[in-house]
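One-letter residues, chain by chain:
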Amino acid sequence: MTSPTTSAPTDLGIDVRPVAGNIGAEIHGVDLREELDDAAVAEIRAALHRWKVVFFRDQHIDHAQQIAFGRRFGKLTPAHPHEDAPPEGFPEILPIDSRRYNRLFGQAEVKDLKKKFKVTYDNGWHTDVTALVNPPAGSILRAEIVPPYGGDTQWTNLVAAYEGLPEPLQRLADGLRAKHSFGQPIFEGSEYGKKVKANPLVAIHPVVRVHPETGERALFVSPSFTSRDNEIIDFGPRQSRAILDLFYEQISRPEYTVRFRWSPGDIAFWDNRATAHLGPSDVDITEFDRVLYRVTLEGDVPVGVDGRPSELVAGQPFLAG
Ligand code: SIN
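Every value quoted in this text rests on a predicted model; they were computed, and no experiment measured them.

**Here's the deal with the side chain of Lys-52**
Inference 1: Counting through the fold element by element, Lys-52 comes out in the loop between helix H1 (38–51) and strand S3 (53–56).
Inference 2: A relative accessible area of 3% means that Lys-52 is categorised as buried.
Inference 3: At 2.7 Å, the side chain of Lys-52 and the backbone oxygen of His-49 are in polar contact.
Inference 4: When neighbours within four sequence positions are excluded, Lys-52 is seen to be in contact with Ile-23, Ala-47, Asn-157, Val-159, Glu-216, Phe-269, Trp-270, Asp-271, Ala-274 and Thr-275.

Okay, here's the thing in structure tokens:
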């Protein structure tokens, strides 16, 4: 594992300030309202690869500027494979809007469902849409309305989590593959749930994924998508559960994580090939509005330590529009 470092601002004036030992850095000295030149893009990309999630404070960009920023790092997918309500004229933008989730799932039921299934609206630790055969390479989330307290997001470094496993467990993980599927119990009964059911997404991914740009190995488990029994290929339900629980515990150890307190105008950009994240579960307690907007970068098909790519079981690859 590389050791945490701090750095002086570069010649471009970009200042990368780490915020936790294994993951997360704030980037200062860039104005995302302006088009970034190639050198700035390269520095941000390097910081992303090193720190896995980077934060930009106080940027206040709009949908079009968020899309333009995202496109400097790759092609953007539509908002979500099951999503039908991006803001008018911006099909790439996924609204993460507490008011909208209450409308989608039924305000009266949503709290009970969350209690019953012990999930937040975005279902606990996850890497974005790993039920796809090509999960997004990266995600960029922009805050517009945030609660006065609570509503934080956490990320975990899946490379550090892999490297922190004892060597025999690394070897075990290296040889495993797991099924990821989309459709949590909370969706059932809603119109959205029907849409998810009509268009199932299922993929088999290596449990250890080799990052295509850094070559690092990441413990690529995504609890929200690998949460049912019998998910590890060739394992029985109890074996599968025990192994997954062990890996879930590993990826959620505090030393691999960073917690981000949002202010309006803040942006988080994470490497979806090397991280999982956790949306807030305290938004329902306080009932403050929380509105953020996400874009996702088209992803590649993961490849395991043995060179085998992931397999599509149901659905289609998710490509830029
Ligand atoms: C997400 O899962 O992309 C959203 C996380 C959040 O709402 O904090």
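Having seen the structure, we can now continue with the description.
**What to know about the site of the ligand**
Inference 1: As a matter of local geometry, the ligand sits amid twelve residues, with His-126, Thr-153, His-277, Arg-290 and Arg-294 nearest to it.
Inference 2: The side chain of Arg-290 places a nitrogen or oxygen atom 2.7 Å from an oxygen atom of the ligand.
Inference 3: Here the ligand loses 99% of its free accessible area of 260 Å² to cover by the protein chains.

**Considering the pairing of strand S5 (residues 138–145)**
Inference 1: Of all the eight residues making up S5, six are buried; the element is thus mostly covered by neighbouring parts of the structure.
Inference 2: Relative to strand S12 (residues 267–271), S5 is paired through five bridges, and the arrangement is antiparallel. Bridged to Leu-141 within S12 is Ala-268.
Inference 3: The sheet contact formed by S5 and strand S14 (residues 291–297) spans seven bridges and is antiparallel.

**What about the environment of Lys-195?**
Inference 1: Mapped onto the elements of the fold, Lys-195 is located in helix H7 (residues 191–198).
Inference 2: On the accessibility criterion, Lys-195 (29% relative accessible area) is partly exposed.

**Side note on the sheet that holds S12**
Backbone hydrogen bonds are what pair the strands of a sheet, in a parallel or an antiparallel way.
Inference 1: What the seven strands build is an open sheet, ordered S1-S2-S3-S12-S5-S14-S4; its pairing is mixed. The strands lining the two open edges of the sheet, one partner per strand, are strand S1 (15–18) and strand S4 (94–97). The sheet shows a mean angle of 25° between the axes of neighbouring strands, direction not considered.

**Quick word on the packing of aromatic side chains**
Inference 1: Taken as a whole and assessed by the stated rule, the structure comprises eleven aromatic pairs.
Inference 2: Taking 5.6 Å as the distance between ring centres and 80° as the angle between the ring planes, the aromatic pair formed by Phe-56 and Phe-69 counts as edge-to-face. In this pair, Phe-56 sits in strand S3 while Phe-69 sits in helix H2 (residues 63–71), placing the two residues 13 residues apart along the sequence. The pair Phe-56 / Phe-69 is uniform in exposure class, with both members buried.
Inference 3: A ring pair is formed by Phe-69 and Phe-73, whose centres lie 5.3 Å apart and whose planes are at 70°; its orientation type is edge-to-face.
Inference 4: An aromatic cluster of at least three residues, connected via ring pairs, comprises Phe-55, Trp-155, Phe-260, Trp-262 and Trp-270.
Inference 5: Between Arg-50 and the ring centre of Trp-51, over which it is positioned, the NZ or CZ distance is 3.9 Å.

**Section: H1**
Inference 1: Compared with the 20 Å implied by 1.5 Å per residue over 14 residues, the 20 Å span of H1 between its first and last C-alpha is a close match.
Inference 2: For H1, the full list of buried residues reads Ala-40, Val-41, Ile-44, Ala-47, Leu-48, His-49 and Trp-51.
Inference 3: Residues of H1 that are buried in the fold lie against S1, strand S2 (25–28), S3 and S12.
Inference 4: Following H1 by one or two positions, Lys-52 adopts a phi angle in the positive range, close to 75°.

**Some thoughts on the pattern of salt bridges**
Inference 1: Summed over the entire model, instances satisfying the criterion amount to 23 salt bridges.
Inference 2: For Asp-271, the salt bridge identified is with Arg-273, shortest N-O distance 3.7 Å. For the pair formed by Asp-271 and Arg-273, the shared burial category is buried.
Inference 3: Within the structure, one salt-bridge network assembled from shared partners comprises Arg-209, Glu-213, Asp-271, Arg-273 and Asp-300.

**Things to note about the side chain of His-277**
Inference 1: Along the chain, His-277 falls in strand S13 (residues 275–278).
Inference 2: When its relative accessible area of 5% is taken as the criterion, His-277 is described as buried.
Inference 3: At a separation of 3.5 Å, a polar atom in the side chain of His-277 contacts the side chain of Trp-270.
Inference 4: Sequence-distant contacts of His-277, defined by excluding residues within four places in its chain, comprise Gly-124, Trp-125, His-126, Asp-128, Gln-154, Trp-155, Trp-270 and Asn-272.

**Description of the nonpolar core**
Inference 1: Core analysis: the biggest nonpolar cluster contains 29 residues, and Ile-27, Leu-36, Phe-56 and Phe-269 have the highest contact counts within it.
Inference 2: Every element with two or more residues in this core is listed here: S2, H1, S3, H2, S12 and S14.
Inference 3: Here this core gets six residues from one element, more than from any other, and that element is H1.
Inference 4: Setting aside residues no more than four positions away along its own chain, Ile-27 makes contact with Ile-14, Asp-15, Val-16, Ile-44, Ala-47, Val-54, Phe-55 and Phe-56.
Inference 5: By size, the runner-up hydrophobic cluster in this structure holds 26 residues, among which are Val-159, Val-207, Ala-218 and Ile-251.

The rules behind these values
- Throughout this description, residue numbers start from 1 for each chain and increase along the sequence as written.
- The predicted nature of this model means local features are confined to residues of pLDDT at least 70 and side-chain atom pairs, given and counted, to a pLDDT of 80 or more, with totals for whole chains, interfaces and linings taken over all residues.
- As a rule here, side-chain values come from all non-hydrogen atoms in the structure, and water together with hydrogens is ignored.
- Strands are runs of DSSP state E lasting at least 2 residues, helices are runs of H or I lasting at least 4, and numbering of each runs from the N terminus.
- Here's how the labels work: a residue is buried when its accessible area is under 20% of the maximum for its type, exposed when over 50%, partly exposed in between, all with a 1.4 Å probe on protein chains only.
- Two N or O atoms form a polar contact when they lie within 3.5 Å of each other; inside protein one atom must be a possible hydrogen donor and the other a possible acceptor, and for residues adjacent in sequence the pair counts only when both atoms belong to side chains.
- Two residues qualify as a contact provided that any one of their heavy atoms is within 4.5 Å of a heavy atom in the partner residue.
- Proximity is defined per residue: any heavy atom of the residue falling within 4 Å of a molecule or strand makes that residue near it.
- Only the protein chains shown count as cover for residues, and the accessible areas themselves come from Shrake-Rupley with a 1.4 Å probe.
- For two strands to be treated as a pair, DSSP must find no fewer than two bridges joining them.
- Between the N-to-C directions of two axes lies an angle of 0 to 180 degrees, each axis being a line fitted to C-alpha atoms and, for a helix, fitted only over the stretch in contact.
- Centres within 6.5 Å are what make two rings of Phe, Tyr or Trp a pair, Trp counting through its six-membered ring; a difference in plane orientation under 30 degrees is then read as stacked, over 60 as edge-to-face, and the rest as tilted.
- By the criterion adopted, a ring carries a charge over it if an Arg CZ or a Lys NZ lies within 6 Å of its centre and within 35 degrees of its normal.
- Given a helix with a known number of residues, its expected span is that number minus one, times 1.5 Å.
- One side-chain nitrogen of Lys or Arg within 4 Å of one carboxyl oxygen of Asp or Glu is enough to make a salt bridge.
- What is meant by a nonpolar core is a set of buried Ala, Val, Leu, Ile, Met, Phe, Trp, Tyr and Cys residues, joined one to another through side-chain atoms within 4.5 Å.

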